[in-house]
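# Notes for the structure review
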Amino acid sequence: MEIKNPSVSIIVRTKDRPELLKRALKTIAAQTYRPIEVVLVNDGGCDLDIERLKEILRDVSLNYIRLEKNTGRAHAGNVGIENAQGKYIGFLDDDDEIYPEHISTLALFLTNHPYYKVAYTNTEMITRKLSEDGKGSMEKSRGLFCKDFSYPSLLISNYIPFDSLLFDKNIFETIGLLDEGFDLYEDWDFLIRIGEKFLFYHINKLTATYHQWSQELQINQKNMDYTKNMHISVLTKHREKITPEMILNLWLEYVKKEEVIAEKDTVISEKNAIIPGKGEIAEEQTAAARKASLNPQFEHIIFENIISEKNVRIAQLENTVDLIHETLGWQLLESFRRFRERLLLPGTERRKIYDLSVKSMKYIQKNGFKRFINRVIHKHEFPESFNEKHYKIWISKNEPDHTVLGSQVELSKEFKVRPKISIITPVYNPEKKVIVEMIESVIRQTYDNWELCLADASSESFVKNIIENYRKEDERIKVKYLHKNYGIARNSNEALSIATGDFIALLDHDDELAPFAFFEVVRTMNENPDVDFIYSDRDKISYEGKRFDPFFKPGWSPDYLLAQNYLCHLNVIRKTLIDEISGFREGYDGSQDYDLVLRITEITDKIIHIPKILYHWRVVAGSAAGDSEAKPYAYDAATRALQDAVGRKGWKGMVTQGITRGLYRIKFQLNDSPKVSIVIPTKDKGEVLKKCVDSIWNKTIYKNYEIVIVDNKSIENKTFEYYHELEKVPNVRLLKYDEPFNFSKINNYAVSKINSEYVLFLNNDTEVITEEWLELMLGFAQRKETGAVGAKLLYPDGTIQTAGLILDEKGNVWRSNHRYPRNILGYAGRILSIQDVSAVAAACMMVRTDVFYQVGGFDPQFVIAHGDIDFCLKLREENYLIVYEPHVELYHHESLTRGYEDTREKIERLRKETELLLRKWGHVLKRGDPYLNPNIKADNGDFSLRL
């Protein structure tokens, strides 16, 4: 049985523009969709040739209504609405056009997504000049109306052309008709009223053209007061809907438009500076002509070229000024300025809030939100790794377009392994918009073998209505309605109880999945059939749908997971493992996912990271995505979950919350009091060594240690005088190494002379800051899985020298967070989070002695540089972890003893040792640093985005 399309009525209001009307109707006749009805309302205009219009429309039905006198746009529109018979209603001005797929695009979307009652597409604005025959000729494009829906933005200015919209007819029963008190902006008022009750859906496709006539522009200039008054009338009618919070959010969107003004002024100034130069060039050309007898051809060409270049530049500048004035952004900015002055009167509370918001937002715009937060809580600022502009570029370069998404649908059907993925989503009173967009994001997946398992504990009836609408349309959507809200952990288990998939994916009721999320997940499963746990990168998404704050995660880092739930979103887990641990544990609400992944990752190491943004974490009021204080109970639950994990692992230690919400640290209890040998190679510079040794004596709380100083051919008397003093100290040993300097050989020699269970390699130009430094490093070094432990090394000014080391495929070594302030979070909290890294500097590195011998110590081929890097790579080859402990801090007066790598000889030696590192470890390095996301550049260690 053939399924018929719902009928669509297009309302066309016209008056005395028959030639333009014919062109508009031809675009309706060309639509690929049927059935269509045209409701043509002649608003007191001249008689029309109806038979001719019917010929133009062909199989499109025509309902012609002629009003005896002009009643205005709003009344004519209402007459059309009252006479329309279609399920869906759209409008088309008699001088505008729609593309052939316009109605099908909108009508099919509304049919397939019944919860949405309004949809719109992109529209291009065209400026035309009306010719004598009334047909018009195109002059220029003034840009696109292509903005996603934002109700606060709509309250400022109507950025959605009426021609681009299609409405479900039922909304008129709720909203009413057009307000006939407006003969201008009646469409804007109507959309504001709709936006209070219904969701708009923006289809990012150009399907309509909106015309603006040069004659009308001139008339509008003459009647500016009328236009202004009508604008004020709409704003006044809806002023109570505009809250200070909306103003703050709007400023985030519009503040950057201020830059347009500065750009325009710069362009005009540059242009004005060039124009006089054009006259000067003309004079130069005349002078050149007089000299033509000397070399006429040569000088003529020179000056003609100069004039040509100047003229081109002037034309470019003039075009830039025109484009600025004609952009939608400029128009919105002007609307915003009018809005500000009319509704935010000086001296009012609203204006005070606005002015404070402006000051804050300008700071955020210039310095970033993280800097702003740090400033508010009196912390140091730090440079942003990447900004919104860079992220947009990254998205455009790295994420699939519509064509690729379409091909994924077919490719996914060819996967050898096609597991069913059960999405677990507990639902409790979400906003209408966000739950609809969550469900839509699942339906849009380019991989089809999924089921959405909802456990709904909502008290709001509209939630059930939304779910039921979708469930009836798609059998893959399953729901279990709960009698009450049992808490997120139990509710998640209820959703889990109806899951039949091979893998479980976790999705919050107000978040979204990237459309290619499960395609990437299943592709990874096909490449790695035994994988148990997959996690991806994520970003955040605003209520209006703006994406920001991407989190490009490292590869599997168990210690980073113990410092923060970095795996959070998107996690896909083999269901048998979740069944094995009995699902979510009640009593851990707010951190139930964290507790789950801690337990899962203890029973499998088949963990794979997909370095792509597959999850969008919604920032809404009350969410942890936007406010770390929104769910304080979650941090207590996380602390308990981590303490449980410590117990299950057989460790002894106390979990505490870190310097900020969401960070945690484990302070290990030592199994006993093992002896630590602190090995310090040195040559001369006795005052530098003394400062280092004094800091150990004065700061160190731990008692069972010895200082082993290895002298390498010192010649200064002051150094030997200091050695004489040290010989009197019981826990200091002096060793002599009289061979040429070789970092690796010196340290290997020192280890051969000690009998301690632990050795700590320390540069002589360091100073201890943290009193419990040895206990903290021993806590991690005593674990069987740990190979080496490193510290946070600082310059004397308090900025970071290194917070772990990053390796790239070329053999370069980069200092993580180099020159950042010591006590800020850094990118994804990595400055203050305990974590696993590729390498740590031997300027302060602790190792178990038996492990040191197991991997053969330092390689003597590395004379000065990269010996510690090679050592760490050998540890990693044996599956040991390299741990960065940020709570251990030392000053490092870098290269005070041996100087910098700043001579030709030293640079050449560094190059050779880098080549050696590549020859030995190129097969490992070419895979990239496992703890640095491939979307992040290794260069400079500042976590900047790779574009």
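Every value quoted in this text rests on a predicted model; they were computed, and no experiment measured them.

This part is about the overall build of the protein. In terms of regular secondary structure, the protein is built from 32 helices and 32 strands. Here the protein, with 947 residues, has 54% of them falling under the buried criterion.

Our next topic: the pairing of strand 17 (residues 571–574). Relative to strand 17, strand 13 (residues 503–506) runs antiparallel, the two sharing 3 bridges. Along strand 17, the bridge assignment pairs Ile 504 with Ile 573. As paired strands, strand 15 (residues 533–541) and strand 17 are joined by 3 bridges and run antiparallel to one another. What sits directly across from Tyr 535, in strand 17, is Asn 571.

Two aromatic rings, taken as a pair, are described by how far apart their centres are and by the angle between their planes. On inspection of all chains with the given rule, the structure shows 33 aromatic pairs. Taking 4.2 Å as the distance between ring centres and 20° as the angle between the ring planes, the aromatic pair formed by Phe 109 and Tyr 201 counts as stacked. With Phe 109 in helix 4 (residues 102–112) and Tyr 201 in strand 9 (residues 200–213), the pair connects residues that are 92 residues apart, well separated along the chain. Judged on exposure class, the residue Phe 109 and its partner Tyr 201 are both buried. Their ring planes at 70° and their centres at 5.2 Å tell us that Phe 743 and Phe 858 sit as a pair that is edge-to-face.

Turning our attention to the packing of helix 18 (residues 432–443) against helix 19 (residues 461–473). Interaxial distance between helix 18 and helix 19 falls to 10 Å at its minimum, and their mutual angle equals 20°. By the angle between their axes, helix 18 is roughly parallel relative to helix 19. Note that helix 18 runs across helix 19; the crossing there is right-handed. Across from Lys 432, Ile 435, Val 436, Ile 439, Glu 440 and Ile 443 in helix 18, the residues of helix 19 making contact are Phe 462, Val 463, Ile 466, Ile 467 and Tyr 470. The residue makeup of the contact of helix 18 with helix 19, split by class, is 9 nonpolar, no polar and 2 charged.

Along the chain, the position of Ile 869 falls in helix 31 (residues 867–877). Remark: the alpha-carbon pair of Ile 869 and Ala 839, spanning 30 residues in sequence, is separated by 5.9 Å. When near neighbours in sequence (up to four residues on either side) are disregarded, Ile 869 contacts Leu 805, Leu 807, Val 813, Ala 839 and Leu 917.

Turning our eyes to something else, we now look at the packing of helix 26 (residues 686–699) against helix 27 (residues 717–726). Where helix 26 meets helix 27, the axes come as close as 9 Å, and the angle between the chain directions of the two elements is 25°. Between helix 26 and helix 27, the interaxial angle falls into the category roughly parallel. In the packing of helix 26 onto helix 27, the handedness of the crossing is left-handed. Residues Gly 686, Leu 689, Lys 690, Val 693, Asp 694 and Trp 697 of helix 26 touch helix 27, and the partners they reach there are Thr 719, Tyr 722, Tyr 723 and Leu 726. Class assignment of the residues belonging to the contact of helix 26 with helix 27 gives a composition of 6 nonpolar, 2 polar and 2 charged.

Per the stated rule, a full pass over the model turns up 52 salt bridges. Put simply, Arg 52 and Glu 55 hold a salt bridge, and the shortest N to O gap is 3.4 Å. Taken as a pair, Arg 52 and Glu 55 lie in helix 2 (residues 50–57) at a separation of 3 residues, close to a single helical turn. We classify Glu 55 as exposed; its relative accessible area is 54%.

Turning to unusual backbone geometry, a few remarks are in order. Along the chain, Arg 34 connects to Pro 35 via a cis peptide bond; the corresponding omega equals 5°. Position of Pro 35 among the secondary structure elements: in the loop between helix 1 (18–29) and strand 2 (36–43). Geometrically, the link from His 569 to Leu 570 is a cis peptide bond, its omega value of -10° lying close to zero. Structurally, Leu 570 is set in the loop between helix 22 (558–563) and strand 17. Look at Tyr 185: it is not a glycine, yet its phi comes out positive at around 65°. Mapped onto the fold, Tyr 185 is located in the loop between helix 6 (171–175) and helix 7 (186–197). Of note, the phi angle at His 866 is positive, near 70°, even though the residue is not glycine. Turning to its location among the elements, His 866 is positioned in the loop between helix 30 (849–854) and helix 31. Take His 866: its relative accessible area is 10%, and that puts it in the buried class.

This next bit is on the environment of Leu 910. Residue position: Leu 910 is located in helix 32 (residues 904–925). A residue is classified by how much of its surface remains accessible, and Leu 910, at 27% relative accessible area, is partly exposed. Residues Leu 910 and His 866 lie 44 residues apart in sequence; the distance between their C-alpha atoms is 8.7 Å.

Our focus in this paragraph is the nonpolar core. Formed by 143 residues in total, the largest nonpolar core has its most connected members in Val 676, Ile 678, Ile 696, Leu 760, Leu 762 and Trp 773. No other element matches the 7 residues that helix 29 (residues 773–781) contributes to this core. Here Leu 760 is in contact with Val 676, Ser 677, Ile 678, Val 679, Trp 773, Leu 774, Met 777, Cys 844, Met 845 and Met 846, once residues within four sequence places are set aside. Counting residues in hydrophobic clusters, the runner-up holds 73 residues, among them Leu 40, Tyr 88, Ile 103 and Leu 106.

Summarising the model, the protein shows a mean pLDDT of 84, and 79% of its residues fall at 70 or more. Per-residue pLDDT stays below 50 along residues 252–264; that stretch engages in 29 contacts with residues further than four places along the chain or on separate chains. Low pLDDT, under 50, characterises residues 896–900; the predicted model gives this stretch 13 contacts beyond four residues in sequence or across chains.

Looking now at the pairing of strand 12 (residues 477–481). Bridge analysis of strand 11 (residues 450–456) against strand 12 gives 5 bridges, and the strand direction is parallel. Bridge pairing in strand 12 links Leu 452 to Ile 477. The parallel pair strand 11 and strand 12 is bridged by helix 19, and the resulting crossover is right-handed.

Before going further, it helps to examine helix 19. Here helix 19 is 13 residues long and its end C-alpha atoms lie 19 Å apart, about the 18 Å a rise of 1.5 Å per residue gives. Of the residues making up helix 19, those classed as buried are Val 463, Ile 466, Ile 467, Glu 468 and Tyr 470. Buried residues in helix 19 make contact with strand 10 (421–427), helix 18, strand 11 and strand 12.

What follows covers helix 2. Within the sequence span of helix 2, burial applies to Ile 50, Leu 53, Ile 56 and Leu 57. Along helix 2, the residues classed as buried sweep out an arc of 115° about the axis, all on the same side. Exposed positions of helix 2 whose direction lies more than 90 degrees from the buried face are Glu 51 and Glu 55. The inward-facing, buried residues of helix 2 abut helix 1, strand 2 and strand 3 (61–67). Downstream of helix 2 by one or two residues, Arg 58 has phi in the positive range, about 55°.

In this fold, Thr 604 is placed in the loop between helix 24 (592–600) and strand 18 (607–618). On the basis of relative accessibility, which here comes to 10%, the residue Thr 604 falls in the buried class. A distance of 2.7 Å separates polar atoms of two side chains, one belonging to Thr 604 and the other to Asp 532. Excluding anything up to four places from it in sequence, Thr 604 contacts Asp 532 and Leu 577.

Cut-off values and rules
- Residues numbered from 1 in each chain as written.
- Predicted model: local features only at pLDDT ≥ 70, side-chain atom pairs only at ≥ 80, totals over all residues.
- Heavy atoms only, no water.
- Helix = DSSP H or I, 4+ residues; strand = E, 2+ residues; numbered from the N terminus.
- Buried < 20%, exposed > 50% of the residue type's maximum accessible area, 1.4 Å probe, protein only.
- Pairing = 2+ DSSP bridges.
- Phe/Tyr/Trp six-rings, centres within 6.5 Å; stacked < 30°, edge-to-face > 60°.
- Axes fitted to C-alpha atoms, helices over the stretch in contact; angles between N-to-C directions.
- Parallel < 35°, antiparallel > 145°, perpendicular 65-115°, else oblique.
- Left-handed = near helix turned anticlockwise from the far one by under 90°.
- Contact = heavy atoms within 4.5 Å.
- Nonpolar A, V, L, I, M, F, W, Y, C, P; charged D, E, K, R; others polar.
- Salt bridge = Lys/Arg side-chain N within 4 Å of Asp/Glu carboxyl O.
- Core = buried A, V, L, I, M, F, W, Y, C linked by side-chain atoms within 4.5 Å.
- pLDDT = per-residue confidence, 0-100.
- Right-handed = clockwise from strand over helix to strand, strands pointing away.
- Expected span 1.5 Å × (residues − 1).
- Arc of directions from axis to C-beta.
- Polar contact = N/O pair within 3.5 Å; in protein donor to acceptor, adjacent residues only side chain to side chain.

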